[in-house]
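Residue-level listing of the chains:
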There are 2 protein chains.
Amino acid sequence: MKQGNQTWVFENKPVIISSAAVGGPHESEGAIVDDFDILHKDLWLGEDSFEKAEKKLLEEACSIAIKKANLQNNDIEFMLSGDLINQITSSNFTARTIGIPYFGLYGACSTSMEGLTLASLIVNTGFAQNALAATSSHNAASEKQYRYPTEYGSQKPPTAQWTVTGAGAALVGKSGEGPKVVCSTIGRVIDMGVSDPFNMGAAMAPAAVDTIVNHFQDMNIDPTYYDIIATGDLGKVGHNIASTLLSDKGLNMPAEKFTDCGMIIYKENQKVFAGGSGCACAATVTFGHFFNRMKRGEIKKILIIATGALLSPMSYQQRESIPSIAHAVSIEN
Amino acid sequence: MKQGNQTWVFENKPVIISSAAVGGPHESEGAIVDDFDILHKDLWLGEDSFEKAEKKLLEEACSIAIKKANLQNNDIEFMLSGDLINQITSSNFTARTIGIPYFGLYGACSTSMEGLTLASLIVNTGFAQNALAATSSHNAASEKQYRYPTEYGSQKPPTAQWTVTGAGAALVGKSGEGPKVVCSTIGRVIDMGVSDPFNMGAAMAPAAVDTIVNHFQDMNIDPTYYDIIATGDLGKVGHNIASTLLSDKGLNMPAEKFTDCGMIIYKENQKVFAGGSGCACAATVTFGHFFNRMKRGEIKKILIIATGALLSPMSYQQRESIPSIAHAVSIEN
């Protein structure tokens, strides 16, 4: 049922019966290596293009999640997936491989929580017993498409972020063991006029803040309710902006709870500018790292606010600013 | 509730309380001009890029649908939209204008029925009182992105199709006057190996056939049930292939019922190769033409199977074939 302006409460508490996280070479030297199911040392994954490598990451994440639940591809009733590549071909081709009814999504780096929200809606309302939410990103494929091919070695400002090479998948089921999806706050597109694609954190921070504020209002709770409140990929720059904006709105986020997936995935000494980004950032950190922490009982209630910068290289060239969105999902053990 | 393998039956019968169709210059000389709310003679709509023109078409369609229902933007609870432009910027920027919670979709030319399906699910299950499904396409913006800028004047084979310049929107509500959404059959990605982007009809026909066959199986009905069974944008070539494939599967589609939106929108003497295509093809013909025919009582039960070719220019250059999908929605008066 809907609560407040933009939150869905899943009264039947759909269960994340399995999940998977796959990463690339940079992630294999990161801070949460034990939380990945596979880590590839080869950025190409043996393929002849970065786009095909990304598809392989996504196929692996879906396949592992399905196997962990002791199911076959055709046991999965619906798949929801999206990614950053033009026309979301990584997702489309993965959906071809799996061969089940499919909804293609585009929410940029908010896709993990957009998909998890819709999968939870479908399962909560009994329109399926299970549904798979997945997403992926690939550093070199994204750089090539959005900025410059990595082979050019072009320089970046410190506000830039490092697109995660990886994929995450979560299988939502009607019942079983695992973290439960409690509610989702669906984001609105917010645009405060930032137009610098090397500063996505600043562009997305106001969208994250809007969704966070609405989440707490709609649910009539405050930040003390959660053990972890993590945005998707604001990075250090965006995280600081979000903290300040939230504080201005009277929401003081405890520093030990309020974090960002883009600040968790890599080590301090890795050269990732302001932090990680990309669809796979929130997806792998949530479906890998946070779910493992929940399994170990370290944390019980998490709010993930996946943030998406809804620009295109062309909209930037046409001097548009960067519209952004954030979808929040509350997950409890 | 789910019925059969891939069909959702909306037992609360969400109502399409209003809809809108907007078109461009080619559409203003087409066969269904009375079914458009606005027809623009200027392909640019006064904007300085085709992409901005497309955004304007989509904004207009959404705005008209909302006005027809005597509502304001902020009365609309959720918006679901997608389009063909990289990173679906037409939809993202329109969602910024409207300013309500938003799900970005990518289903290529199947987006109209993907969005209508999810909007109907949301309203049917009481997660909202209303939800707006919308989509757009622009001939010159699509040609530039997928093939060649139209200014090049490059030639095309007769199997090619003409991307519709236009936008369609449908506002789904819990109750009220209007056509009712009865059920949706969600498509799987089907790929029979066609790799020619100038023959999308042939690529998409098997996906349409798969969804149509599953729809009739899941619902345990036959083609006599409907007054109109229309695919989205197979065009003449794809339509003939689909008819043959369906016949091979024992489903003989009566010629007077089985049609294609891409064969309806333009006049016989317009130079559109095998027919119309693009997200706006199924959207404008359904939300404009067919709904008007339903209002006039000429037809009562329609099945729209919106077809999408899930390729990208890059996947084509990388020698991939064209994965396709089709989502079917059954609408009754």
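All of these numbers come straight from a predicted model, not from anything done at the bench.

### Brief notes about the overall build of chain A
Then, number 1: Scanning chain A from terminus to terminus reveals nine helices and 15 strands.
Then, number 2: For chain A, whose C-alpha radius of gyration is 18 Å, the value lies close to the compact-globule estimate of 20 Å for 333 residues.
Then, number 3: In terms of overall dimensions, chain A has a C-alpha envelope of 50 × 50 × 35 Å along the principal axes.
Then, number 4: Per-residue burial over chain A gives 64% buried out of 333 residues.

### Some thoughts on the domain arrangement of chain A
All names here are of chain A.
Then, number 1: Along its sequence, chain A is carved into domain 1 (14-173) and domain 2 (180-332).
Then, number 2: Looking at the side of domain 1 that touches domain 2, the elements with two or more residues in it are strand 3 (15-23), helix 3 (111-124), strand 7 (130-137), helix 4 (139-146), strand 8 (162-163) and strand 9 (166-173).
Then, number 3: The element contributing the most residues to the side of domain 1 that touches domain 2 is helix 3, with seven residues.
Then, number 4: Its residues placed into classes, the side of domain 1 that touches domain 2 shows 23 nonpolar, 21 polar and seven charged.

### A closer look at unusual backbone geometry
Residue and element names in this part refer to chain A.
Then, number 1: The backbone of N220 shows a phi angle near 55 degrees, a positive value even though the residue is not glycine.
Then, number 2: Structurally, N220 is set in the loop between helix 5 (200-219) and strand 11 (228-231).
Then, number 3: For N220, a count of 9 C-beta atoms within 10 Å corresponds to the exposed category.
Then, number 4: Of note in the backbone geometry, F273 takes a positive phi value of approximately 55 degrees without being a glycine.
Then, number 5: Its place among the elements puts F273 in the loop between helix 7 (261-264) and strand 13 (276-277).

### Some remarks on the interface of chain B and chain A
Then, number 1: Between chain B and chain A, the contact holds 45 residues from the first and 46 residues from the second.
Then, number 2: Elements that contribute at least two residues to the side of chain B that touches chain A include exactly strand 5 (78-83), helix 2 (89-98), strand 6 (102-104), helix 3 (111-124) and helix 9 (313-317) of chain B.
Then, number 3: With five residues, the top contributor of residues to the side of chain B that touches chain A is helix 2 of chain B.
Then, number 4: Per-class residue counts for the side of chain B that touches chain A are 23 nonpolar, 16 polar and six charged.

### Considerations on the relation of the copies chain B and chain A
Then, number 1: Of the two same-sequence chains, chain B is brought onto chain A (RMSD 0.0 Å, axial shift 0.0 Å) by a rotation of 180 degrees. Here the transformation between the copies is reduced to the relation of a two-fold axis. In terms of C-alpha distance to the rotation axis, chain B has B:L105 as its closest residue, with the C-alpha 2.1 Å off the axis.
Then, number 2: A shared interface surface links the copies, since 100% of the contact residues of chain B are contact residues in chain A too.

### Some thoughts on the environment of B:R188
Then, number 1: On the secondary structure map, B:R188 appears in the loop between strand 10 (180-185) and helix 5 (200-219).
Then, number 2: By the C-beta count within 10 Å, which is 22 here, B:R188 ends up buried.
Then, number 3: For the pair B:R188 and B:I325, spaced 137 residues apart in sequence, the C-alpha to C-alpha distance is 5.9 Å.
Then, number 4: Discounting residues that sit within four places of it in the chain, B:R188 has contacts with A:G99, A:I100, A:P101, A:Y102 and B:D210.

### Remarks on the environment of B:A160
Residues and elements named next belong to chain B.
Then, number 1: Along the chain, A160 turns up in the loop between helix 4 (139-146) and strand 8 (162-163).
Then, number 2: A count of 22 C-beta atoms within 10 Å places A160 in the buried class.
Then, number 3: Sequence separation of A160 and R319 is 159 residues, and the distance between their C-alpha atoms is 19 Å.
Then, number 4: Residue contacts for A160: discarding those within four places in its chain leaves F198, F273 and A274.

Parameters at a glance
Residues numbered from 1 in each chain as written. Chains lettered and ligands numbered in written order. Predicted model: local features only at pLDDT ≥ 70, side-chain atom pairs only at ≥ 80, totals over all residues. Helix = DSSP H or I, 4+ residues; strand = E, 2+ residues; numbered from the N terminus. Rg over C-alpha atoms; globule rule 2.2 N^0.38 Å. Buried ≥ 20, exposed ≤ 12 C-beta atoms within 10 Å, placed from the backbone. Domains from an automatic or database assignment. Nonpolar A, V, L, I, M, F, W, Y, C, P; charged D, E, K, R; others polar. Contact = placed C-beta atoms within 7 Å. Least-squares fit on C-alpha atoms with pLDDT ≥ 70 in both.

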